[in-house]
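# Reading the structure
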Amino acid sequence: MVKEFLISFLHYFVDITTAVLIAAAIFLTVSGQQMESIILWEILLSGLITALPTAALLCFDSKSAKLSWVLWIVHFLVIFSITLLMLNLFGWCSITPKSVILTFFAVVFIYLFTCFVHYLVDKKHTTLMNQQLKKRYSNGEKPEEHKGA
Amino acid sequence: MRIIIESPQPDDEDVVIVRCASPDQRLISMLLAYQTAKTELTGYLDDRIVRLNYQDVFYFEANENKVFAYYHSDVYEVKYKLYELEELFGPLDFVRCSKSMIVNMEKIEYLSPLFSGKLEAHLKNGEKVIISRQYVRSLKVKLGIEEVE
């Protein structure tokens, strides 16, 4: 369980940090601002801080689709709040309605990017698993029995 | 090692013959597990008591302190705890897919990824069951994609 969590945490850290780097690169290019070297450490730290609740919250075994959605919303709000807090803490920007809206879209972008990367990895794995299932059970197909013996 | 399965003559009983220089521990434990495995199940449906064939079970699910065996269309209550069923049928083609469910891999038509890191197993009776993130690895191990630690 701990190992699963750590692996999940590392995956999220890499994905989130990559997405934040892309978002920062786009922002800096569009705004024409110069970047200080400290920002790289801040990006790494922000990736680390946001990956922690992500791995913790998303490893819950939600039984129903409703609970899954609640978990996703709670997770989004937690990540959004942490990001706002870090923006203020690192002095990237002050909290104004405009910066909150921009942060919201940045978090949505990072969220979608991370989900998409994970989905692609899982898709690759399921293709492999489906091949194994097919190989293992396609020869031994039996007629279905509908009732107890 | 080659595996050869031959059909016996009509009146002959089933026999397993292992032809090898020195059977290793893995092979012996597999054969012992097969010989000693208790695979008989009794199912309860309304007033009926039915002997169930584990190979026809699509999945077991725990719900409100009761455990049910799902056939193609019928659902039988079984007087076992889920962890007991996991111990009994784990060495066979059954795998835990969530805290409350054990699925028969033979009944999986195909798998598809979900955005949350979970997988969806499409069963041969048209039902869909969710495979939680923490149990995806054990399915991969069962399918021989990942190795046992």
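Located above this text is the structure these notes cover.
Now for a description of the structure that goes with this document. (Residues numbered from 1 in each chain as written. Chains lettered and ligands numbered in written order. Predicted model: local features only at pLDDT ≥ 70, side-chain atom pairs only at ≥ 80, totals over all residues.)

In this section: the overall build of chain A. Broken down by element type, chain A carries four helices and zero strands. For chain A, the sequential pattern of α-helices and β-strands runs α-α-α-α. Out of the 149 residues belonging to chain A, those deemed buried represent 17%. (Helix = DSSP H or I, 4+ residues; strand = E, 2+ residues; numbered from the N terminus. Buried ≥ 20, exposed ≤ 12 C-beta atoms within 10 Å, placed from the backbone.)

Moving on, we come to the sheet that holds strand S5 (residues 75-78) of chain B. Residue and element names in this part refer to chain B. With antiparallel pairing, the seven strands of this open sheet are ordered in space as S2-S1-S5-S4-S3-S7-S6. At either end of the open sheet lies a strand with only one pairing partner, and these are strand S2 (48-53) and strand S6 (94-98). Between one strand and the next, the sheet's axes are offset by a mean angle of 35°, whatever the strand orientation. Pairing analysis gives three bridges linking strand S3 (residues 59-63) to strand S7 (residues 101-104), with the strands arranged antiparallel. Residue pairing for S7: Tyr59 is matched across the bridge by Val103. Along the sheet, helix H2 (residues 82-89) contacts S3, strand S4 (66-70), S6 and S7; its crossing angle with S7, the most-contacted strand, is approximately 30°. (Pairing = 2+ DSSP bridges. Axes fitted to C-alpha atoms, helices over the stretch in contact; angles between N-to-C directions. Contact = placed C-beta atoms within 7 Å.)

For the rest of this paragraph, the subject is the interface of chain A and chain B. The figure often quoted for interface size is the accessible area lost as the parts come together. The interface of chain A with chain B comprises 25 residues on the first partner and 32 residues on the second. Looking at which element gives the most residues to the side of chain A that touches chain B, the answer is helix H4 (residues 97-137) of chain A, with twelve residues. By residue class, the composition of the side of chain A that touches chain B is ten nonpolar, seven polar and eight charged. (Nonpolar A, V, L, I, M, F, W, Y, C, P; charged D, E, K, R; others polar.)

Moving on, we come to unusual backbone geometry. Residues and elements named next belong to chain B. One non-glycine residue, Glu64, adopts positive backbone phi at about 50°. Summarising the element assignment, Glu64 is placed in the loop between S3 and S4. For Glu64, a count of 4 C-beta atoms within 10 Å puts it in the exposed group. Although it is not a glycine, Asn65 adopts a positive phi angle of roughly 65°. By the secondary structure assignment, Asn65 is in the loop between S3 and S4. C-beta crowding within 10 Å serves as the criterion here: with 6 such atoms nearby, Asn65 is assigned to the exposed category.

A word on the packing of helix H1 (residues 2-31) of chain A against H4(A). All names here are of chain A. Where H1 contacts H4, the axes come no closer than 9 Å and their chain directions differ by 135°. By the angle between their axes, H1 is oblique relative to H4. The handedness of the crossing between H1 and H4 is right-handed. When H1 is examined against H4, the residues Tyr12, Asp15, Ile16, Ala19, Val20 and Ala23 are found in contact with a partner set consisting of Ala106, Phe109, Ile110, Phe113, Thr114 and Val117. For the contact of H1 with H4, the per-class residue count stands at ten nonpolar, one polar and one charged. (Parallel < 35°, antiparallel > 145°, perpendicular 65-115°, else oblique. Left-handed = near helix turned anticlockwise from the far one by under 90°.)

Residue and element names in this part refer to chain B. Strand order across the open sheet formed by three strands is S8-S9-S10, with antiparallel pairing between neighbours. Both outer strands of the open sheet, strand S8 (108-113) and strand S10 (128-131), are each paired with one neighbouring strand and no more. Pairs of neighbouring strands in the sheet enclose a mean axial angle of 25°, with direction left out of account. Pairing between S8 and strand S9 (residues 119-123): five bridges, direction antiparallel. Within S9, the residue paired with Pro113 across the bridge is Leu119.

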